[in-house]
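Examination of the molecular architecture
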Amino acid sequence: MASIADALSDALNEDKSYFKICLYAIPVYFVVKWFLIGKMSLFIFWGGVVGILLLGLLTQGINNVRMNKKEILSLNPVQLGISIAKTALVMVPQFIIFGLLGKYITGLHIPIELPHVQLIYAIIVWSIIFSIVMTSYLSFAKYLKISQAFNLKVIAESCIDVLISFLFFIPQLIFANIVLVEPVAYLYFAFHLPYNHWGFIAYCSAIFIVNISMMANYLAQASYEHIKGNNEEYDDNVQINIITDIPEKFN
């Protein structure tokens, strides 16, 4: 079963993890800083750019874990560029199609005169749509094969399990962030330092990148467990990597 504890441990212990975390935290820091000082034009533009970069980082991270590679966060700009391009080809059409579909369905009137029926109906509809899109994304990310994002049979069989796994992931992620952020936040409070202090923003930016790594690890585990299909390609890759790693251990 996918574990947030394992995901956090791997995020902090992978090769060059702290260098990667600090490197990718830099653009996050500036985006947050621009928001806090009210430079909204810079925040919107560069926030979009950084968001695209981090989505590519997440996609490549999921693929790295699924393919049993030693790294989660990638430093390879070519890999990130390919991941971003493929993710856009997969996700943009789905956001448009399912976004319009969800808006249309939730706009239908439910002829039941009970409180909050329409809200509950909308939550159910958007949850189902989210599960479909998430399963499609994970199915694509495991091997970065665009065709897998449109495997309707696999998506239909797996989307509910993926949704349940993701719902269990949210409180775990919140708890992990409390453990990581709360002690530092308490120190700033104890010394009467503002939370918009550059040091606290920098620390939270680094934790945000840790979150990306944890999400990549956890979602890769969840996709392996819940997205039905043939995992022989993954298993074969694990064996190949183990054989490849053996000579390195003796060097």
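Scope of this entry: the structure provided in the associated data block. Quick caveat, the model's predicted, so the values are computed rather than measured. (Residues numbered from 1 in each chain as written. Predicted model: local features only at pLDDT ≥ 70, side-chain atom pairs only at ≥ 80, totals over all residues. Heavy atoms only, no water.)

Time to look at the overall build of the protein. For the protein, the helix and strand inventory stands at eight helices and zero strands. Seen in sequence order, the protein has helices and strands lined up from the N terminus as α-α-α-α-α-α-α-α. Taken across its 251 residues, the protein has 40% of its residues classed as buried. At a minimum sequence separation of 6, the contacts of the protein that also span at least 24 residues come to 73%. Of the roughly 14,400 Å² of accessible surface on the protein, 74% is carried by carbon and sulfur atoms. (Helix = DSSP H or I, 4+ residues; strand = E, 2+ residues; numbered from the N terminus. Buried < 20%, exposed > 50% of the residue type's maximum accessible area, 1.4 Å probe, protein only. Contact = heavy atoms within 4.5 Å. Areas by Shrake-Rupley, 256 points an atom, 1.4 Å probe, with all protein chains shown as cover.)

Evaluation of the coordinates by the stated rule reveals three salt bridges. Between lysine 20 and glutamate 14 there is a salt bridge whose closest N-O contact spans 3.1 Å. One exposure class covers both lysine 20 and glutamate 14, and it is buried. Its salt-bridge partner being glutamate 157, residue lysine 153 comes within 2.8 Å of it at the nearest N-O pair. Here lysine 153 and its partner glutamate 157 are both found in helix 6 (residues 152-190), four residues apart, which amounts to about one turn of the helix. Residue classification places lysine 153 among the exposed positions, given a relative accessible area of 58%. In this structure, a network of salt bridges that share partners links the residues Glu14, Lys20 and Glu71. (Salt bridge = Lys/Arg side-chain N within 4 Å of Asp/Glu carboxyl O.)

The contact between helix 2 (residues 17-36) and helix 7 (residues 198-226) brings their axes to 8 Å, and the two run at 125 degrees. For the element pair helix 2 / helix 7, the angle class is oblique. For helix 2 against helix 7, the interelement crossing comes out right-handed. On helix 7, the residues that touch Ile21, Tyr24, Ala25, Val28, Tyr29, Val32, Lys33 and Leu36 of helix 2 are Trp198, Ile201, Ala202, Ser205, Ala206, Phe208, Ile209 and Val210. Taken together, the residues of the contact of helix 2 with helix 7 break down into 14 nonpolar, one polar and one charged. (Axes fitted to C-alpha atoms, helices over the stretch in contact; angles between N-to-C directions. Parallel < 35°, antiparallel > 145°, perpendicular 65-115°, else oblique. Left-handed = near helix turned anticlockwise from the far one by under 90°. Nonpolar A, V, L, I, M, F, W, Y, C, P; charged D, E, K, R; others polar.)

Let us now look at unusual backbone geometry. The backbone phi angle of asparagine 68 is positive, close to 60 degrees, even though this residue is not glycine. Mapped onto the elements, asparagine 68 comes out in the loop between helix 3 (40-66) and helix 4 (77-106). Taking relative accessible area as the criterion, asparagine 68 reaches 29% and is therefore assigned partly exposed. Phi at histidine 192 takes a positive value of approximately 60 degrees, unusual for a residue other than glycine. Among the structural elements, histidine 192 can be located in the loop between helix 6 and helix 7.

Once that is clear, we can look at helix 1 (residues 4-13). Regarding helix 1, the residues found buried are Ile4, Ala7 and Ala11. The buried residues of helix 1 occupy an angular sector of 60 degrees when projected down its axis, which confines them to one face. Exposed side chains of helix 1 directed beyond 90 degrees from the buried face belong to Ala5 and Asn13. Buried residues in helix 1 make contact with helix 2, helix 6 and helix 7. (Arc of directions from axis to C-beta.)

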